[in-house]
Amino acid sequence: MADLLDDHPILSTVPAAPGEPAPPEPPPPLDETARARALLAAQPVTEGHTELPRSLDPEDLPPVRAAEAGAQLWSLHVEADEGVVGTLRRIDAVRALVAACPEDLRLAQTTSEMAHARNCGRVAALLGPVAWTALGGSAATLRAYHALGVRAVNLTRFDAFARDAVREMNRIGLAVDLSGADQDTVRRALDVTRAPALLTRAAPEGLPDDVLGLLGANGAVCMVAVTDDPAGAADVLDRVRTQAGAHCAGVSHTTAPAVGYVPLFAELLRRGWSAQELVGLAHANVTRALRETEFLARTNRIRPAAA
């Protein structure tokens, strides 16, 4: 990967001997846009928030997405009055969508399945996050969602049930999504969870520096939306990198799929982000967080389930 991103060295400065052909001219150095395009071709993005299309018209399948997307977390959020039934319908709809696009999408429940989908040229589809209101205050519902393949739940308030639910999510392997939570909820959730948290729709500008520092210590991933203003998104990611660490940066989604992620990654290259940091931003950071969640669940399997 470094070969793709670094400027090509000059091959030789020794002049050719008389009668010998001159050595070939070295290729021109790649500009930031070309370097970003090369990186994303090899390291596709894992998006934290993908909305289900309103219509599953076969003529519109597969859904429009950025060319650089390699995995997507599909939001299962529903209106508060839809609850469990609405969430189950959403899960069923995502599964139907994946089944209708076998050459483009593949359902994934683990990081190994994410990698396998990418190796097969498919975009990995992960179920989640589920809305907090769709739990109905029941740990049994939480476990049922996990059994259906859900891998993240959005926690937006913290109380006694939330404390127990976070522990149960750690036990069975559900990622804690803190998108939309106020700073006090974030602090309290981070005090309890033993696995890295996600913010699949992060708004870091609404969190103070010390909370971003706590997220960094937890190994959480702040997944930032990318708009048609790459400099604005780069400013947000620069703050995450400064206050939480580059290992906490991720991508939520793009509001302009046709443009994709190349302009943002080119802008970050101009700002001095390294190749390793950009690979982390693309997918390695969120993959690491999900893998650690899986590992923690495997070590906790002998523990009893919550009531």
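Residues numbered from 1 in each chain as written. Predicted model: local features only at pLDDT ≥ 70, side-chain atom pairs only at ≥ 80, totals over all residues. Heavy atoms only, no water.

Section: the nonpolar core
Here is a general trend for soluble globular proteins: nonpolar side chains tend to be buried in one another's company.
Point 1. Judged by nonpolar contacts, the single largest core of 72 residues is most densely connected at Leu178, Leu215 and Phe265.
Point 2. For this core, the element with the highest residue contribution is helix α10 (residues 262-270), accounting for six residues.
Point 3. Excluding residues that lie within four positions of it along the chain, Leu215 makes contacts with Val186, Leu190, Leu199, Leu207, Ala220, Cys222 and Cys248.
Point 4. Within the second largest apolar cluster, 15 residues are counted, among which are Ala108, Ala175, Val221 and Leu290. (Core = buried A, V, L, I, M, F, W, Y, C linked by side-chain atoms within 4.5 Å. Buried < 20%, exposed > 50% of the residue type's maximum accessible area, 1.4 Å probe, protein only. Helix = DSSP H or I, 4+ residues; strand = E, 2+ residues; numbered from the N terminus. Contact = heavy atoms within 4.5 Å.)

Quick look at the environment of Arg241
Point 1. If you trace the backbone, Arg241 turns up in helix α9 (residues 230-243).
Point 2. We classify Arg241 as partly exposed; its relative accessible area is 25%.
Point 3. Through-space distance from the C-alpha of Arg241 to that of Gly216 is 9.2 Å; in sequence the pair is 25 residues apart.
Point 4. Every residue in contact with Arg241, bar those within four places of it in the chain, is listed here: Ala246, Arg271, Gly272, Trp273 and Glu277.
Point 5. Among the polar contacts listed, one links the side chain of Arg241 to the side chain of Glu277, at a separation of 3.0 Å. (Polar contact = N/O pair within 3.5 Å; in protein donor to acceptor, adjacent residues only side chain to side chain.)

Let's talk about the pairing of strand β8 (residues 198-202)
Each regular strand displays side chains that alternate between the two surfaces of the sheet.
Point 1. For β8, a buried count of four out of five residues is recorded, marking the element as mostly surrounded by other parts of the structure.
Point 2. As defined by bridge partners, β8 adjoins strand β9 (residues 221-226) across three bridges and the pair is classed as parallel. Looking across to β9, one finds that Leu198 is bridged to Val221.
Point 3. Where the polypeptide runs from β8 across helix α8 (residues 209-218) and back to β9, its parallel neighbour, the crossover connection is right-handed. (Pairing = 2+ DSSP bridges. Right-handed = clockwise from strand over helix to strand, strands pointing away.)

Regarding unusual backbone geometry
Where the residue is not glycine, phi is negative for most of them; where a peptide bond is considered, it is trans in most cases.
Point 1. Here the residue pair Leu61 and Pro62 is connected by a cis peptide bond, since its omega of -5° sits within 30 degrees of zero.
Point 2. Examined against the element boundaries, Pro62 turns out to sit in the loop between β1 (45-50) and β2 (69-74).
Point 3. The peptide bond linking Gly128 to Pro129 adopts the cis configuration, its omega dihedral lying at 10°.

Let's talk about helix α6 (residues 160-172)
Point 1. With 13 residues, α6 ought to run about 18 Å at 1.5 Å a step, and its terminal C-alpha atoms sit 19 Å apart, in line with that.
Point 2. Along α6, the residues that are buried comprise Ala162, Ala165, Val166, Glu168, Met169, Asn170, Arg171 and Ile172.
Point 3. Contact partners of the buried residues in α6: α5 (139-147), β6 (152-154), β7 (175-177), α7 (183-192) and α11 (275-299).
Point 4. Two or three places before Phe161, at the opening of α6, Asp159 has a side-chain oxygen 3.2 Å from that residue's backbone nitrogen.
Point 5. At the C-terminal side of α6, Gly173 shows a positive phi close to 100°. (Expected span 1.5 Å × (residues − 1).)

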